[in-house]
Structure formats: C-alpha cells, structure tokens
Amino acid sequence: MKAIHDRWCERVRAAAADGRPLRLRGSGSKDFYGQPLLPGSGEVFDTREYRGIVAYSPSELVVTARCGTPLAELEAALAAQGQMLAFEPPHFGPQATVGGMLAAGLSGPRRSQAGALRDYVLGVRLIDGEGRALSFGGQVMKNVAGYDVPRLLAGSLGTLALVTEVSLKTLPRPVAERTLVADLGEGEALRRLAAWNALPLPLSASAWFGGRLSLRLSGAAAAVASSAAALQRELRAAGVAVGHLPEDEAAVFWRSLREQTHPFFSATAPAGDARQFAAGVVGAEPLPLWRLALRATTPPVRPAADGAEPASTTDAPGGIAGGATGTTLIEWGGALRWRRDGDPLALRAAAAAAGGHATLFRGDAPLKSAIGAFAPLPPPLAAIHRRLKNAFDAPGVFNPGRLFREF
Amino acid sequence: MSGLAFAPPRFAVDRAALVARLRAVLPEDALRVDEEALRPYECDGLTAYRQLPLLVTLPENEAQARAILRVCHELGVPVVPRGAATGLSGGVLPHPDGVVVSLARLKNILAIDPATRTAVVQPGVRNLAVSQAAAPYGLYYAPDPSSQIACTIGGNIAENSGGVHCLKYGLTVHNVLRVRGLTIAGEIVEFGCAAPDAPGYDLLAVANGSEGLLVLITEATVRLTPKPELAQVALASFDDVTRAGEAVAAIIAAGILPAGLEMMDKKATHAVEPFVNAGYDMDAEALLLCESDGTPEEVAEEMARMQAVLAASGATAIRVSQNEAERLKFWAGRKAAFPAVGRITPDYLCMDGTIPRHSVGRMLQAIADMERRYGLRCANVFHAGDGNLHPLIMYDANQPGELERAQAFGAEILELSVEFGGTITGEHGVGVEKVTQMCAQFTPDELALFERLKRAFDPAGLLNPGKAIPTPARCREYRLARLATAGERGTPCCAPAADDATHDVWGDPADGASAPGDATKTEGSR
C-alpha cells in the first residue's frame, strides 16, 4: 500500500508540474453529481487500488478505511459488529467507494435524526495539490486542535485534495425499527411532521410521496412500540387511514429512497409532453431531478414561473399502488424535497425564499452547464472558496470545475 | 517549555489615530481607552497569562461591529473577538497592539421556532439562557460545557465546546446550523443556512472551533433538542481505575450510547465530596457516572442493560438515582470538580487531551508516574465516553519553580495523548496555552496548510493573531528543546514528526495499526 501511496504523491507532483488536471474517481457511481464532466476535465485518476479497512474498534466507535475501499465492504464489516454508518450514505452503484462517499458528502433517510455525513468525519489523510501527504483530525470524538479540515473535505467533490484515508464515527444499530404508513396530503403531512419534530419521538426517517406518508421509528424496543402506538392513535383519531409495513418491505422501501431506485426517481417525460415536445425532445427522456433543501416547515412549494404548474393532484390522498404519481417526493421531515418538474430559476428562487437552496441533482450537461448544478454563492463566500481551493491545491490539479465552474 | 509571556507578531499602530477613527463611528460608551477600564479585559479563564489591549470596543449591533472591523482593517490593527472570557486556553487574551471586540452587548435571542427546533441568537447570549428560553416548548440546547451559566454561544462556536453529554448529543459543531458573521474586511458572510447541506465547502464546520481566527460571529442559528421525558444516572464504584476504564469500553461495546459517561478518580472525589456532599463512595478508586435518558420505557430498558454491564465489569457498588433531585446531586460533584479542586490547592492547571478509550488505563498509570517525578499532585476528571481527559495538576505559584514544573507535567500529558493516537485538546482549544504542543501533533507542512486556510478567510492576518497555530520558528525551537529534554531524561525522544509517531499508517491491519485490546480488527482486502 505504501508503494501505491508513494506513486500517487509522485503522480500528483508530476501533474502539478505539467499543469495537467486530474479527475479523481472511484467507481464512477456519482459521476452524474455536481458540474458536468466535460471533455478536458482531466485524466481519470482511479482511486480503487488503494483499499482496505485500516482499523476498526467497535468499542471506540471508530472505523478507518482507505479511499478505494468499497462502501459495501465497509458497511458489511460494521454490520457484522452490530454497527452502522448512521447517516446512511447512498451508494448509487454496487462498486461505490468510501472516497466517493466522502467527496459527495451525501446522507440518506436517517439524516434528519442522526445528522449528516460530515457530522461523523473524525479524521483524514490526504495528498494536497503539490503532492504532500498530510494528516488532520484523528480517531477520537473530540478534537479541537487546529481547523476542522476533515469536515471541510466532506462534500468538496474532490476539488481540494486527494483524500487517501478517512476515520468515521460509527454507531450501534438500533435494537428495533418499525415503519408506519398513513394516507395524507402533502400540506397535512408537512403540518404533522412539523408538530412531531418538536416531540421526543424516535423518528429516524420520513417520506411523503403520492398521498402517502411513511414514518420510520428506531431505537429501544419499548420506545419504538410506545411511539408507534401513540402516532397511530393520533392519526386514527383524525380519521386518517394508517398501517405499518412488514419489516422486509420496509427495508426495501427505505433503501429505494436512499439509492433512488424508487419509481419516482426514474420518471421520464411522457412522449408527447407539450413542454418536452417544444424543447425538441422526442421519446421518454429522463426528467431533471431537483433537490430542494428547505426550512422543514416550508409549505408545499408551487413555483409557477413556467405558468404550467400541474394541477394539485399531490395534495389529495390517493393510492400509490403500482407506480409513480406526482412530481414531488419529500424526506427529512420536510427539509428535503425532490422535484421532477418546475422552472429552474423559479425553483432556485422558491428555495432561497424558504431559507434554502436548490441543486440540479440529475440533469443533462447543457442544462447543468447553463445554470450550475449548485445554487451560486454570494461574492464574499465565492472569494473565500477560491482562496481555499488555492490553499489546498495551488496548482489547480484536482477536479477543476466539478463543484463550481470557476475553480 | 513556553513561559507565560504571550509573544505574538507585533503591529505598528498609531493609537491616537485609531481612537479618533473609532470615536467617529461608535457611541461614547462603546469604546474603552483608559487603563483602568481596560484592566478587566486582560485575561480569560487562563489567568496565568495577562496582557492589556490597546483598546476595548463594545458594539451594540452588527453595524457597529462592522464599522470597527473596517477601521481596524484599513489601519492594519489586530482584532480579538471576546465573549464571556470563560475559556481555559487564553483564546481571548488581548493583543498588545490590538482592539478587543467584546460581543457582550449582542445578547438577544431573536427567535425560537419549535417546529424547526431552532433558535436564532446573537453571539453574546449565554449558553444556559438558550435552554431557559426554549424550556416552555419542551426543548433545550444540548451542548453543556461546565461554564454554561456564564459562557456565550459565540464563544462556544469559536471553541467548538463540548460538555458532559457529547457522546449522544454531539459537540457545538453538531448543534449549530448557521453562523452569520463579518470577515476582517467587514463583509457580511453566512456559513450554513436554515436548510440542510448549504452549497459549496462546509465553511460552517471550519468556523466551529476556529478560535476567533477566521470570522467575527454576529448571529447564529442553533439546533434545539426535545427534552427527554426522563433521565436517570447510575453511580458505579470501582476499586481500580483501569477496571473502570474497561467498563466504559464494555458499555459502548454492548451497543449502549449513554447520554453521559463520566469518570472521576479518588483524588477528584475526595476534593469534591466535602464541597458538595454528593454522597460519593469515598473508598472507591474511581467512580463512573452513566446517564440514560428518553421515554420511561427506554430508560428502564437501557438502565437494566447498563447495570448488568457495570456489574460484569467488576463494579463494587452501583447506585441508581431514584428521583430528579438525587440525579442532580450525583452530577453536582462532577460539575463542581474544577472549583472543588481549586479549594484544596492554591493553583491548578487543567489539561484537555483526548485519547482512544482503550488507552485510559495506560494514561492514568503514566500520570501517576509523572506525579512522583514532578513532585505534584493531579486529580483526574474524564469525559470517559469521549476519551476526553481533564487532569487537574495542582501547584502553588508562590513556590519558586512549581508553575514551571506544572507546565512541564502538563506538556508531557499532552504529548503522550498525541503518542496514544489522540489530540492535545478535545474541547478547550489551543489558544496561547497549547500553541507549542501543536508542533507535537502536526508536521510543518500541516501547520503551513492551517496558515494558508486562515489566510483564505483573513488575508491580512489580523484576526486574533498569535493564537492556535504556531509559527515555523516556534516549532523549530520546540523540537530542539524536546531533543535536549529527552537527553536529560535519558528516554528516547518521540519522533519529531508526530505524523509518523501516532500510528503506523502503512502497516497492514495485522501489523497493529490499531492498538492492542481492540475487540475486532477487520482485514483490509487487497
């Protein structure tokens, strides 16, 4: 492994000397994310050869793994000890790597309860833009010596450094889990989620789609049972149809959200859709996928700039049997809203008005290039970003343009 | 070893011109210029270091703070932001050529929203005041440093403060959603936002624990936590500190995540018991406090599991709080440990290293050995669940040489923390106190990156200069001094680059990249 690491340092130094950008990449499962990979975005630097779990001590709640370690392998090792990565990182592919997970910085359904990926990052080893090997943070929970570089690298899309190793906090798997489903419209679901949010309920995930709200409760067996009973009583008293999913079905459902294999995420524009037709698109093209992060209590978002907001089928309770209906899917107690429609600028404006931001999560390269995958930064923050990029990667070798076009 | 002189980089400042410029933008009582008015600002909780500032300013709002920064930036004057000055590492020690910006007057709670479980507060709001304001909604602010009655949210963010409930509820960085502040140039910036995952780099994470070197905080949105219905604490006695340390590991290994998991050794319990009458077992070599919180069913389930593990780990006695008054009494001793030790010794130094939990026993043995070598007593209080140690080294500053011995004692504990794979500071910050030990934990290349990172936020280098990050010259001196000390002691010196001393990154798992005593190691695949 040392030989690989030495070779990597050398390769980065050579690239820096020649002014050749490098495109850091694990399995490519998240190539779609961020700014589009245009020709000239650098020679691919495959990180998968540097792999393996370096240390794992369940009683310390810490695991350290090399960047090329398959995420599935890491999660299996934790599961064997009854532990987990509590932020439920999406894989988006069977070969997803630990390095890619850190670079993307994405968290899954449990985020609203357990926190984000960055909350679990304890330490990193990295190679900077001039080929120097550096280490920050460590394997302990509390560490305020120096700036928090490890968390800064989470979600930086490989633009600051080549992270070779990461230490993550692990947590015990919950003893019990139970998933409830209730037929509720969008507005009513959001109102109830907001009310429950202020209570000490063990809510570990929530999702609303097509007139159905799903709630996952996790924790001590007694707490899950009593909370499930209390929620069912409350909903039934309000005349809401409520039931629960069998354990295996629930696991499949939450995984389909985490991995975006749920039918909502594969929605295509029907052939003959007027807007698609006008845009010259023929046949079933994947619709863009928007990720709106908002203040959780934001009422249903109805950007109307394109004038053709579909009729509000989404607020009416209705079955979802057999497929995808509706253009909105809500997670994280209302703080995360996926959209398959809407005018880009109107969505960006609506998100900003709700204290948040809109990311073009999946979309074709021309659209992403035109408006940017991420909401643009205000000028003082953009200036800090450029200087930070320069602090880590002065030669500009790592993933140029992947996060924002400018650097 | 460092003396107690603060020797920051100096700046040529025309004081009269600076006063005139600040008078033009501030109301009369927002500026302090006389020596007697400056005196109360000469130190923080680390009173061994004292330094008068050039001036003190007390802005009433963000606009005034902005005006101060613009003047200082234009004239090249260092700025030291200050909250309640309860910090223990000299982080708000004034700069001799600089302006202290006290945020004490920015003390309004601007909003509390139970539905999003957030509070928007100004930086001078006290930690406990947030919880008190949130209490009518059944919510509280989880991070609870022991100074929570006095310390402010701005200071908590600057230090990434912890407390006794971090294991389950996280540090400040996990409980702050947004920071609004000013760059040294007076630009308004917001890191994070009211929604999750703000676009771009995670500047919010870097602002937490940045010790006032990156940004002057003017507002923050913090996360509130639903108050658990019930909390109960078990008080377990052990006749051996190592066994108590092993019990901590056993609780975590059993899949339990206690709300609090604290440890005190015999010297600490003997200091606090006469002070608070908590009813502690005075025969025990170590006491563990294990708290469970949640619904009554959850607490009952977890308490039963926790007691079983404690008993199996060799606890000689276990008492469980039977009501809230008793729970608070059990905690009172732990929370009063610092002042209690202050009563039995003229002076003490509080260390703050964090180590992997499995090294706690080895560290305690090493500290016992140091007590003999330095001829000083040390009481030990730990955030055991986090591996965060607070050895309290007792000394008398009036006895010649004792302060220097206490400092050398402390430095040795910190360096050992790094050798064990931990850190020199878990929650108190580097400040001026531990800036030299940063040279033990980081290589020159790593320290250079910290300096570049600072300059990305503060290109002029005017925010709190001389703190937290040592200069290359200081580290060269440190390494030479270490070599000399090691020669005197006749022990091998730790490798100059802590990078390689802490753990062997290249070793395959079987070579022991993790320490002995690990329950499990997983073979890396190749």
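Predicted model, so just to flag it, every value in this text is computed and none were measured. Counting restarts for each chain, with residues numbered from 1 along the sequence as it is written. To label them, take the chains in the order written and letter them from A, then take the ligands in the order written and number them from 1. Thresholds applied to this predicted model are a pLDDT of at least 70 for local features of residues and 80 or more for the giving and counting of side-chain atom pairs; totals over whole chains, interfaces and linings are not thresholded and use all residues. Values reported for side chains reflect all heavy atoms of the structure, with hydrogen atoms and water molecules removed beforehand.

1. Quick look at the domain arrangement of chain B
All names here are of chain B.
Line of reasoning, step 1. Domain start and stop positions are those given by an automatic or database domain assignment. Considered domain by domain, chain B is made up of domain 1 (15-102), domain 2 (109-226), domain 3 (230-338) and domain 4 (345-493 + 517-526).
Line of reasoning, step 2. Here the C-alpha centroids of domain 3 and domain 4 sit 27 Å apart.
Line of reasoning, step 3. Whether two residues are in contact is decided by their heavy atoms: any pair within 4.5 Å suffices. Counting from both sides, the interface comprises 14 residues of domain 3 and, opposite them, 19 residues of domain 4.
Line of reasoning, step 4. The term buried area denotes the loss of accessible surface (1.4 Å probe radius) that occurs when two parts are joined, taken as the sum for both partners. With both sides pooled, the region where domain 3 packs onto domain 4 buries about 1,400 Å², and carbon together with sulfur makes up 65% of that total.
Line of reasoning, step 5. Of all residues in domain 3, Met263, Lys267 and Phe338 give up the largest surface area on contact with domain 4, accounting jointly for 41% of the area buried on that side.
Line of reasoning, step 6. One speaks of a salt bridge when a side-chain nitrogen belonging to Lys or Arg is within 4 Å of a carboxyl oxygen belonging to Asp or Glu. Across the domain 3-domain 4 interface, the total number found is one salt bridge.
Line of reasoning, step 7. Across the pair lysine 267 and glutamate 371 runs a salt bridge whose closest N-O atoms are separated by 3.4 Å.
Line of reasoning, step 8. Contacts described as polar in this section are N or O atom pairs within 3.5 Å, which, within protein, must combine one atom able to donate a hydrogen with one able to accept it, while residues neighboring in sequence count only if both atoms come from side chains. Summed over the shared surface of domain 3 and domain 4, the result is eight residue pairs in polar contact (both at pLDDT 80 or more).
Line of reasoning, step 9. Each helix is a run of H or I in the DSSP string that is no shorter than four residues. Each strand is a run of E no shorter than two, and both are numbered from the N terminus. Going through the elements one at a time, α8 (241-253), β13 (260-265), α9 (266-276) and α12 (337-344) are the ones with two or more residues in the side of domain 3 that touches domain 4.
Line of reasoning, step 10. If you tally residues by element for the side of domain 3 that touches domain 4, the top one is β13, at five residues.

2. Description of the side chain of threonine 269 of chain B
Line of reasoning, step 1. As for its position among the elements, threonine 269 of chain B is in helix α9.
Line of reasoning, step 2. Not counting the four nearest positions on each side in its chain, threonine 269 of chain B is found in contact with Met264, Pro274, Tyr280, Met282 and Leu287 of chain B.

3. Considerations on the interface of chain B and chain A
Interfaces are often sized by the amount of accessible area the parts lose when they come together.
Line of reasoning, step 1. Chain B puts 101 residues into the contact, and the matching count from chain A is 86 residues.
Line of reasoning, step 2. Taken over both partners, the interface formed by chain B and chain A buries close to 7,800 Å², and the fraction arising from carbon and sulfur atoms is 60%.
Line of reasoning, step 3. Where aspartate 386 of chain B meets lysine 142 of chain A, a salt bridge forms, and the shortest distance between an N and an O atom there is 3.6 Å.
Line of reasoning, step 4. Taken together, chain B and chain A are joined by 25 residue pairs in polar contact (both at pLDDT 80 or more).
Line of reasoning, step 5. Mapped by element, the contributors of at least two residues to the side of chain B that touches chain A are α6 (166-169), β9 (188-192), α7 (203-207), α8, α10 (296-312), α15 (438-441), α16 (444-457) and α18 (498-502) of chain B.
Line of reasoning, step 6. For the side of chain B that touches chain A, the leading source of residues is α16 of chain B, giving 10 residues.

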